[in-house]
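In case you want the letters, here they are:
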Amino acid sequence: MRGFLKEFKEFVSRGNVMDMAVGIIIGAAFTAIVTSLVSDVVMPIVSLAIGGADFSSLAVTFGTGDNAATLNYGKFIQAIVNFILVAFVVFCLVKAIATTEGHIASAKKDSQEESAVRECPFCKEEIAASATRCPHCTSELPNKAA
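Residues numbered from 1 in each chain as written. Predicted model: local features only at pLDDT ≥ 70, side-chain atom pairs only at ≥ 80, totals over all residues. Heavy atoms only, no water.

## A few points about the overall build of the protein chain
Counted only if it meets this: Strands here mean DSSP runs of E at least two residues long; helices mean DSSP runs of H or I at least four residues long; both are numbered from the N terminus. It is over C-alpha atoms that the radius of gyration is taken, and the globule rule equals 2.2 Å times the number of residues to the power 0.38. Only protein chains enter the calculation, and the probe is 1.4 Å; a residue is then buried if its accessible area is under 20% of its type maximum, exposed if over 50%, and partly exposed in between. Every residue pair with non-hydrogen atoms within 4.5 Å of one another is taken to be in contact. Accessible areas in this description were obtained via Shrake-Rupley with a 1.4 Å probe; residue shielding takes into account the shown protein chains only.
Looking only at helices and strands, the protein chain features 3 helices and 4 strands. Its helices and strands in sequence order give the protein chain the pattern α-α-β-β-α-β-β, from N to C terminus. For the protein chain, the C-alpha radius of gyration of 31 Å lies well beyond 15 Å, the compact-globule estimate for 146 residues. Dimensions along the principal axes, computed over C-alpha positions, put the protein chain at roughly 100 × 60 × 20 Å. Relative to its full complement of 146 residues, the protein chain shows a buried share of 12%. Across the protein chain, contacts joining residues at least 24 apart in sequence account for 26% of those joining residues at least 6 apart. Surface accessibility of the protein chain: about 11,500 Å² in total, with carbon and sulfur atoms responsible for 65%.

Written as structure tokens, this is what we have:
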């Protein structure tokens with residue numbers, strides 16, 4: 001039994017499991033934000049654009065009385081619309097994040113390219129960091145970057 005508990009403790013304390021747990025918790029919080037954005041901001045605009053239609057009340061009733069079965073196809077339509085809107089909002093967010101990361105990566109690349117140059121100690125022109133002879137003044141450069 002101790003071996004089992006020790007093994008379980010090692011499993012839970014592994015980085016992957018903790019990362020996954022954090023991801024699930026953040027995902028749940030993010031889901032609440034996106035759901036609120038869709039239902040409280042986007043859906044009222046969509047409803048206004050299509051004439052105030054409320055799909056959730058559409059249904060077909062089978063039988064009569066309190067025990068009559070209902071086929072709530074309107075709620076299904078509403079769920080599909082919500083899914084499409086949530087997928088669109090998530091797509092827009094992911095695209096915005098990817099664009100931002102692209103700008104950051106581009107800035108890093110630019111700064112790395114800038115550091116790949118140095119100044120010739122003789123003519124003070126900009127040259128490649130790996131150059132052994134200056135292309136401007138033809139001076140032989142020291143092995144170590146100046």
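Back to the text.
## Some remarks on the side chain of Arg118
Under the convention used in this document: Working convention for charge: Lys and Arg count positive, Asp and Glu count negative, and His plus the chain ends are omitted. Put simply, a salt bridge is a Lys or Arg side-chain nitrogen that is within 4 Å of an Asp or Glu carboxyl oxygen. Any pair of nitrogen or oxygen atoms within 3.5 Å is treated as a polar contact; in protein, a donor-acceptor pairing is required on top of that, and neighbouring residues in sequence qualify only through side-chain atoms on both sides.
Note on placement: Arg118 falls in strand β3 (residues 117-119). Salt bridges are absent for the buried Arg118, whose nearest opposite-charge side chain, Glu119, sits at 10 Å. Polar contacts involving the side chain of Arg118 include one to the main-chain carbonyl oxygen of Ala129, which spans 3.3 Å.

## A closer look at the pattern of salt bridges
Side-chain pairing between opposite charges can occur once the charged atoms of the two side chains come close. Here the structure, examined in full by the defined rule, presents 1 salt bridge. A salt bridge links Glu140 to Arg133, with the shortest nitrogen-to-oxygen separation between them at 3.5 Å. According to the relative accessible area criterion, Arg133 is partly exposed, its value standing at 46%.

## Side note on the UniProt feature "transmembrane region" (unreviewed entry) in the protein chain
We apply this condition: UniProt positions are given in the numbering used here, feature names are shortened, and annotations may be inferred rather than shown by experiment.
What UniProt calls "transmembrane region" (unreviewed entry) maps, in this numbering, to residues 20-38 and 76-98. Counting secondary structure, residues 20-38 comes out at 100% helix and 0% strand; the distance between its end C-alpha atoms is 26 Å. Helix makes up 100% of residues 76-98 and strand 0%, and the two end C-alpha atoms of the span are 32 Å apart.

## As for the domain arrangement of the protein chain
Worth spelling out the cut-off: An automatic or database domain assignment supplies the residue ranges for each domain.
Each assigned domain of the protein chain is listed with its residue range as follows: domain 1 (1-105) and domain 2 (114-145). Distance from the C-alpha centre of domain 1 to the C-alpha centre of domain 2: 57 Å.

## A look at a nonpolar patch on the surface
As a reminder, the rule being used: Only residues whose relative accessible area exceeds 30% and that form no salt bridge enter a patch; like-charged residues are grouped when within 9 Å of one another, and nonpolar side chains (Val, Leu, Ile, Met, Phe, Trp, Tyr) when within 5 Å.
Taken together, the side chains of Leu58, Val60, Phe62, Leu71 and Tyr73 define a hydrophobic patch exposed on the protein surface, amounting to about 430 Å² of accessible area. By relative accessible area, Tyr73 is classed as partly exposed at 37%.

## What about unusual backbone geometry?
A positive phi is found at Lys124, a non-glycine position, where the angle reads about 65°. With respect to the element layout, Lys124 can be found in the loop between β3 and β4 (126-128). With a relative accessible area of 51%, Lys124 lands in the exposed category. Positive phi is not limited to glycine here, since Thr138 has a value of about 60°. By secondary structure assignment, the location of Thr138 is in the segment after β4.

## Things to note about the side chain of Ser139
Mapped onto the elements of the fold, Ser139 is located in the segment after β4. Ser139 gets classed as buried once you look at its relative accessible area, which sits at 19%. Discounting chain neighbours no more than four positions away, the residues touching Ser139 are Phe122, Thr132, Arg133 and Cys134.

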